[in-house]
Amino acid sequence: MGYPHPSHPRETPILSKYFGDPEARTLSGWRARGGYEALEKALNTDPQELQTVVKDSGLRGRGGAGFPTGMKWSFMKPDGKTHYLCCNADESEPGTFKDREIMRWTPHGLVEGVALAAHTIYAQTAYIYIRGEFTEPYARVCAAVEEAYAAGILGPNAMGSGKHVDVHVHRGAGAYICGEETALMNSLEGRRGNPRIKPPFPAVAGLFGKPTTINNVETLATVPYIIKNGAEWYKQFGRPDNPKSIGTKLFSVCGNISRPGNYEVALGFPFKDFLYDLCGGPLEGREIKAVIPGGSSVPILTREEAEGAVMDYEGMVAAGTMLGSGGVIVFDDRQDMVRQIARLTRFYAHESCAQCTQCREGTAWITRIMERIRDGQGTAEDLDTLVAISDGMSGKTICVLSDSCATPVMSGLKKFRHEFEAKIAANKSVVTVPGAFRASAA
Amino acid sequence: MADVKMVSLTIEGRPVTVPDGMSILEAAKTAGVLIPHYCYHPGLPVAGVCRMCLVEVEKFPKLAPACATSVGEGQVVHVHSPKALEARKGVLEFLLINHPLDCPICDQAGECELQDYTFAEGRADSRYREPKRFNPVEDFGGDVLYVQNRCILCTRCVRFMSDVAQEPVLNVSERGDRAFIGKAEGHDLTNPWAGNVVDLCPVGALLSKDFLNRARAWELDRAPTVCTGCSQGCNAVAETRDNVVVRLKPRANDQVNQYYMCEVGRQGYREFNRRDRADQPLVRRGNALAIAEWDDAIASAARALSGRRLVVLASPNLSNEALFLLERMLVAVDGAGVFRLERGVEAPLPGAPDLALRNERAANATAARLLGFTETEAVGSSLGDGDALLIVGDQLDGIGSADLDRASSIVYVGTALPASLEARAVVVLPITNIVEEEGTLTNLRGRVQRFLQAKAAPGVARPTWYVLADLLAAVGGDGRFFMPAEVFAALAATHASFAGLDYEALGLRGLPLVESGTPADTAEVTA
C-alpha cells in the first residue's frame, strides 16, 4: 500500500506492503495476510537449518552496520546456556524512521520475526527495546504481543510446538546512545546507558552476561519472509553484479524533497532515480545541493555524487559514504551547510554518553566552533582546528558516536569548504582571541 | 600458580613474558614502561574510558587501550610510536580544554597526573578559543570536596564507592561535556573508607577538606610508616612539612591494605603533632618534677623500679623492639606485664579481602600477647601493694587514681605526661612517638612490618627502644643495643615466633611470622 503516499511502481514492497492498512495491525488481519505461517514452520524446524537458510539468503543487518545476519546467528550454538535475543527498536538516528512505520503498521510482523529469531538462536526470552519517544509504535507492539500471548503464539507452548518463547517489550528513556547495542543492554539491565568495551562481544557475554544476539527491527521483520519463501526467493532482490547486497531495504526520506516518506526498494537501485522518480525530486524551483544517504552519521554527498550512487552497501561505499540506516536527508540550494552541520554536531554533543574523553570533550568543542562560524565569528584557523579535532575523535573511542560527530564535519569541510570560508571572510568583527599570547606566537 | 599459561611479547622493544590474560598496561610495567593512564587503577574494575593508555599494537587495525587489551603471544606493542603519542596528545588537549589552569592554587599540583603527563606528552599550547565551562565546588560530606571544574571523569571514585566500598553513593550524572560526578540524593561520603577517593583521584577534583591548602606537594617530606589506628597494620606514608605531620596516605601492600586506608587511620596523624609533649627527662625532687640529665634520670628510674615486684603497663602501640626490651626487663626483675586495649566497631572494606578497621584499636597487641603481656581492664587489679609500676607509652585514659595509688613508685616512659601522673611519677622519661623512631610492628595476621622515622623528636626525647635498652642495662639486664636492628635480631634469636626473621629482609612490605599463635598469611600473591 505505502504510507503516507501510495506505493510507487518501482518499489518492491515486502515489509511495507501493508503500511497504511489498519487491518494488518490486528492478529486476525495479520493471519489473513499470511502472518505467523513462517513462525509455525520455523518452530517445527531445527534452528541449525534456519540459521543456514538465513545465511544463504545473504540478509545483512539493516540497522546500519550491515553485518551478515546469518553469520551473527551462527555464533549462537546449542550449548545449553541461557541465550537472549534483543530487538533494537531504539531507532534514533536523525533522518531515520523506517522501524517506526514497521512497528506502527505491522507490529505482528515484528513479533513474528522476534519469536522466530529467538527460536533460531536457542533463546527462550526476547526483549524488544523501543525508543521512549515512540508512543504509538510502543502501544502497537504491546498490543500485538498481548494478542500473540492470548492466542498461544507466544508463551510456554508457542503455536503448539512445545517451544517456549517469551517476548518482553521495554521502553527506553530517550537517549540516542541506547541504540548502540551494548549501551542498550546496559540500559535494559537498569544501568546507565553507556556502551561497553568489546571484547567480550554480545555473542559471548551480552545481556545479563549471557550470550546475546541483537538485531534491528527491519532485519527481524524481514526474516519471516525469508523462512516462508526460501533463500533463493530472497536472492532475486538486488543487482545481479553484486551478490553482497541482497534483498529489499526501507529508506526514510526527509528534508527538502517533494514526497518525503518511507520507500522500499531492492538493493542496487539507482540513487538518482530514487530521488527524482520515487521521491519526486526537489521542491518546485529548487535544486538538490547535498544528500546524507544513510542517517546523520554517514558522510554527506554532493548532488553529483548522490546522483551517481547505487543504493546498496558496496555502492554507497564506492560513492564515499555508507548505506547506514537508510535515513536519506536531502538539502536544497537554500540550505546553509554550516548551519546544518552545526545542528548535527550539537545533537551528538548533547547525546554523548560522556565516557570517553575524545567524545565528551570533542563533540562539545566542535559544536562551539561550528556555532561560532555559523554566527559569523569564525576565523581561518578554526577550519584547521576542526580537522584536527575530528582526527583526534575518530577511531579512538569505545563506540562510534565520536566518529559519527566528526564525519559530517569532515565531509562537510571537504565538500562545502567554500561555504565555511565565505562565512569566515564575512567576519568583520574584531575578535580578541583568548590564545593570542601563546608561547608559540611569541 | 604453576599452571598459568605464560605469554611472550615485545613492549617498546623489550621482551616480556607474563601470565596469559594480563593487560598490556600491567605487562608494560614489568618491562619498566609506564603507559600513561587515568581511569585505570589496579584496585578497580577496568573502565577503559579515559582513552589515555592508547598504544599501537602491530597488526591491530586501531590503537588499543592498554588497560583493556589482553596480552597475546608474539604481540609487538609500541607505546611511544608517533601514532600512539599523537592520540595521547589529543586526549590531553581534550582533557585540558575545560580544565582550569589553576595549578598554582590546586592542592593536587605536584602530584597531579594531568600535570605530569601534560609535561611529558602534551601540547605546549591549546587550540581552544571558547569560554571554559564553569561549575561550583560541592561538599561531598565526610572529608571530601568535589571541584567539578577539574574533574576529568575517569570514574575511579565512582567505581571505588560501588565496587570496593560497595556503597554506591557516587555516579556519573548528565551527559556530554555537562557530565559530572553526582552524589546520591540524601547521602554523604561518610563511609569509613570514603577518603580513599581523594587518593584515587588522579587530578585535583576530589580533595581532602582536612588537608585543603595546608601544603604544596613538593614541600612535603615522606617516610614509610605503619598506621597504628588498629591491628590491621595498614601500610602508610607519613607526610611532613617543617617537622609537622600533615597527612597520612596509604602505601600499597596487597598483603595488608591493597591501596587503601580508613578514615580513622588517616585522622590519626594529629596525635603525632601533640604540643604538650614531654621533651626532657624529669626526676621528682621533693614535691615537684625537675629537669634532669638522661643518665641521672635512668639511674633514678632503675632505683625506683628495683627491689620490688615490678608491674609493666605497656602500650599495645609500642614497637616489637620496645615490647621485647620490656619483656627482658621482666625476666631480669620479678614482675608482670600488662596492657590495655581500646576496642571499637569493626568496619570492613567489602571489596578488599581481609581488610577492615579492626575492633582492636592498637597496632601491636599481637606482639604484646606473644611476648607474654596480659590484657587487663583495670591496672589496679594486677598491682599488689608496694609494687613498682613502669608505664610505657600508655595514655592512661580511664584509669582511676585509686589504681595508681596502690603502686609504691611510678616511672613513666611516654610522649606526653598524663595529668594523673604529675603528682605521682617518680621519674618521667620522654620518648619519641611512632613517626619519630624506627622499628617493627606485628599486625593481627602476624605480619611483621617496618616503619621508618618521618620527623625529628622534640627536645631530648629518645627512641623508645633506646630508653628501654638503657633502663634494662641499669636494672642489670643485657641492654647493649645501638640500633633497632640489633634489638630485633635479639628478639628473633630469643623468641621462637620471631625466629628466622631478619630486620633488613622485612623490607617495606613486611613478612609473616614463621610460627605463632596467630594465623600466618603465607599465601604468596603472584599477580
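Residues numbered from 1 in each chain as written. Chains lettered and ligands numbered in written order. Predicted model: local features only at pLDDT ≥ 70, side-chain atom pairs only at ≥ 80, totals over all residues. Heavy atoms only, no water.

An unreviewed UniProt entry annotates chain B as 2Fe-2S iron-sulfur cluster binding domain-containing protein of Gemmatimonas groenlandica. Its UniProt record gives chain B the following Sequence similarities (unreviewed entry) comment, quoted word for word: "Belongs to the complex I 75 kDa subunit family." (UniProt positions renumbered as here; feature names shortened; annotations may be inferred.)

As recorded by an unreviewed UniProt entry, chain A carries the name NADH-quinone oxidoreductase subunit F and is attributed to Gemmatimonas groenlandica. UniProt annotates chain A under Catalytic activity (unreviewed entry) with the comment "a quinone + NADH + 5 H(+)(in) = a quinol + NAD(+) + 4 H(+)(out)". Quoted verbatim from the Sequence similarities (unreviewed entry) field of the UniProt record, the comment on chain A reads "Belongs to the complex I 51 kDa subunit family."

1. What about the UniProt feature "domain: 4Fe-4S His(Cys)3-ligated-type" (unreviewed entry) in chain B?
The UniProt record marks residues 83–122 of chain B with the feature "domain: 4Fe-4S His(Cys)3-ligated-type" (unreviewed entry), using the residue numbering of this structure. Annotated as residues 83–122 of chain B, this span is 60% helix and 0% strand, and its ends, taken at the C-alpha atoms, are 14 Å apart. (Helix = DSSP H or I, 4+ residues; strand = E, 2+ residues; numbered from the N terminus.)

2. A word on the confidence of the model for chain B
Residues and elements named next belong to chain B. Across chain B, the average pLDDT comes to 94, with 97% of residues at or above 70. For the stretch residues 516–527, pLDDT sits under 50, and the model shows 22 contacts to residues farther than four places along the chain or on other chains. For this predicted complex, the interface score ipTM comes out at 0.92, alongside a pTM of 0.93. (pLDDT = per-residue confidence, 0-100. Contact = heavy atoms within 4.5 Å.)

3. Re the interface of chain B and chain A
On the chain A side, the residues contacting the 34 residues of chain B number 37 residues. A buried area of about 3,000 Å², summed over both sides, lies between chain B and chain A, and 54% of it is on carbon and sulfur atoms. For the chain B face of the interface with chain A, the top three residues by lost area are Phe94(B), Arg129(B) and Arg175(B), together amounting to 28%. The interface formed by chain B and chain A holds 5 salt bridges in total. Two residues, Glu381(A) and Arg129(B), come together in a salt bridge whose shortest N-O distance is 3.0 Å. Applying the counting criterion to the chain B and chain A interface returns 15 residue pairs in polar contact (both at pLDDT 80 or more). Elements that contribute at least two residues to the side of chain B that touches chain A include exactly helix H2 (82–97) and strand E8 (170–173) of chain B. The leading source of residues in the side of chain B that touches chain A is H2(B), at 6 residues. Counted by class, the side of chain B that touches chain A contains 17 nonpolar, 5 polar and 12 charged residues. (Buried area = accessible area lost by both parts, 1.4 Å probe. Salt bridge = Lys/Arg side-chain N within 4 Å of Asp/Glu carboxyl O. Polar contact = N/O pair within 3.5 Å; in protein donor to acceptor, adjacent residues only side chain to side chain. Nonpolar A, V, L, I, M, F, W, Y, C, P; charged D, E, K, R; others polar.)

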